Amino acid sequence: MIIFMILLSISQCQASASYSWENDIDVGIDGMSWTYTEQYTKDRSILFKAFIDSEIGDNDSFVAAWELLKMDSLSRRKLMDTLEGNMDVKINGSSESISAEQVASEISLESLGPVNRAGIIVNIYEVHYAFEEPLPSLGNRIWFLGEPGTNLTISLPESTRVVSTEEIDNVSVDMTGSGPQICGKFGFTGEAVVYLEIDGTSPEEKGDNENASVPVPESDERSFISLADKIFPGFTEDLLKTLKGSSIM
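This structure is a prediction, so every number in the text was calculated from the model and none was measured.

Here is what the cut-offs are and how they apply
- Residues numbered from 1 in each chain as written.
- Predicted model: local features only at pLDDT ≥ 70, side-chain atom pairs only at ≥ 80, totals over all residues.
- Heavy atoms only, no water.
- Helix = DSSP H or I, 4+ residues; strand = E, 2+ residues; numbered from the N terminus.
- Buried < 20%, exposed > 50% of the residue type's maximum accessible area, 1.4 Å probe, protein only.
- Contact = heavy atoms within 4.5 Å.
- Areas by Shrake-Rupley, 256 points an atom, 1.4 Å probe, with all protein chains shown as cover.
- Expected span 1.5 Å × (residues − 1).
- Pairing = 2+ DSSP bridges.
- Axes fitted to C-alpha atoms, helices over the stretch in contact; angles between N-to-C directions.
- pLDDT = per-residue confidence, 0-100.
- Salt bridge = Lys/Arg side-chain N within 4 Å of Asp/Glu carboxyl O.

**Description of the overall build of the protein**
Counting its secondary structure elements, the protein contains seven helices and 13 strands. A total of 249 residues make up the protein; the buried ones form 45% of that total. A separation of at least 24 residues holds for 72% of the contacts in the protein among residues at least 6 apart in sequence. Only carbon and sulfur atoms are counted for the fraction: they give 48% of the accessible area of the protein, which is about 12000 Å².

If you want it as structure tokens, here you go:
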């Protein structure tokens with residue numbers, strides 16, 4: 001029974017074994033893009049399809065093309081609304097000169113078909129941001145807020161040099177043909193801070209760049225973490241309520 005399989009997977013499986021979330025951030029002089037790539041496998045793919053079917057579709061245990069299109073449209077709108085209310089990037093402590101311009105998405109076609117058929121689902125979301133002024137005019141301290149523990153790659157313009165980083169676990173900095181590249185993971189708070197030297201400018205003192213405080217997550221032991229939870233707050237909890245209220249439970 002599909003309901004039993006989903007509940008069993010939530011209670012017994014480790015999220016890291018069947019779910020991954022990658023953050024690729026490409027910072028330019030006039031703007032930036034943030035690409036989220038999430039992958040569901042095994043029972044997590046069933047959970048994702050069950051969410052589409054029960055919360056967005058007609059709850060017939062089958063994900064049709066129209067349900068996938070609706071999921072694509074709704075997820076883009078929800079993600080944009082989330083960013084407008086709580087920007088996840090700041091330069092020198094402010095996001096006033098940064099605007100989220102567009103959200104593109106690619107929901108995997110592997111989501112189509114019977115809900116209880118496991119597969120490999122890879123979804124991609126890309127947010128494009130614009131800077132009101134060129135990066136050197138805005139500052140040299142960039143702050144990002146992501147999901148704690150998820151992989152992170154930050155690509156920077158050729159004209160920049162990485163002075164230091166904060167809150168990035170397992171951090172490494174390499175030079176590529178197009179500029180510096182930072183790799184690591186978002187730390188426990190979900191923050192990542194990069195201090196830059198841009199075209200010979202010197203970084204300001206850290207004390208002059210106060211950053212808004214970020215609440216520390218209540219627990220590191222959520223049974224299921226996904227980008228869907230970011231786009232649709234309470235994704236897992238709402239799905240479980242729906243399933244538990246089903247007549248076939």
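**Looking at helix H4 (residues 65-85)**
An ideal rise of 1.5 Å per residue puts 30 Å on 21 residues; H4 measures up with 31 Å between its terminal C-alpha atoms. Taken together, the buried positions of H4 are Glu 67, Leu 68, Met 71, Asp 72, Leu 74, Ser 75, Leu 79, Met 80 and Leu 83.

**Overview of the sheet that holds strand S7 (residues 121-131)**
Pairing is mixed in the open sheet, where seven strands are placed in the order S5-S7-S2-S1-S9-S12-S11. One side of each edge strand has no neighbouring strand; the edge strands of this open sheet are strand S5 (98-106) and strand S11 (168-176). Averaged over all pairs of adjacent strands, the angle between strand axes in this sheet comes to 15°, irrespective of strand direction. Pairing analysis gives nine bridges linking strand S1 (residues 19-27) to strand S2 (residues 31-40), with the strands arranged antiparallel. Its bridge partner lying in S2, Trp 21 is registered against Glu 38. Packing of H4 onto the sheet brings it into contact with S2, S5 and S7, and relative to S5 it is tilted by some 160°.

**Here we look at the sheet that holds strand S13 (residues 191-198)**
Strand order across the open sheet formed by four strands is S4-S8-S13-S10, with antiparallel pairing between neighbours. Looking at the sheet topology across the chains shown, the edges are occupied by strand S4 (89-91) and strand S10 (160-166). Averaged over neighbouring strand pairs, the angle between their axes works out to 20° when direction is ignored. Taken together, the five bridges between strand S8 (residues 141-145) and S13 define a ladder with antiparallel strand orientation. If you follow Leu 145 over to S13, its bridge partner there is Glu 191.

**A look at the environment of Val 27**
Mapped onto the fold, Val 27 is located in strand S1. Taking the C-alpha atoms as reference, Val 27 lies 5.1 Å from Leu 156; in sequence the two are 129 residues apart. The contact partners of Val 27, leaving out residues within four places of it in the chain, are Met 32, Leu 135, Ile 142, Phe 144, Ile 154, Ser 155, Leu 156 and Pro 157.

**Digging into the confidence of the model for the protein**
Taken as a whole, the protein shows an average pLDDT of 81; of its residues, 73% reach a score of 70 or greater. Taken together, the stretch residues 1-16 has pLDDT below 50 and engages in 28 contacts with residues farther than four places along the chain or on a different chain. Ignoring residues within four places in sequence, the model shows residues 203-223, a span with pLDDT below 50, making 35 contacts including any to other chains.

**Let's talk about the pairing of S11**
Both S11 and strand S12 (residues 179-186) contribute to a ladder of seven bridges, which runs antiparallel. When the sheet's bridge partners are listed, Ile 168 is paired in S12 with Phe 186.

**Considerations on the pattern of salt bridges**
The full count for this structure, using the stated rule, is two salt bridges. For the salt bridge of Asp 72 with Arg 76, the shortest nitrogen-to-oxygen distance reads 3.0 Å. Of this pair, Asp 72 and Arg 76 both sit in helix H4, four residues apart, which is roughly one turn of that helix. For Arg 76, a relative accessible area of 28% translates into the label partly exposed. Here Glu 197 and Arg 161 are joined by a salt bridge, their closest N and O atoms 3.0 Å apart.

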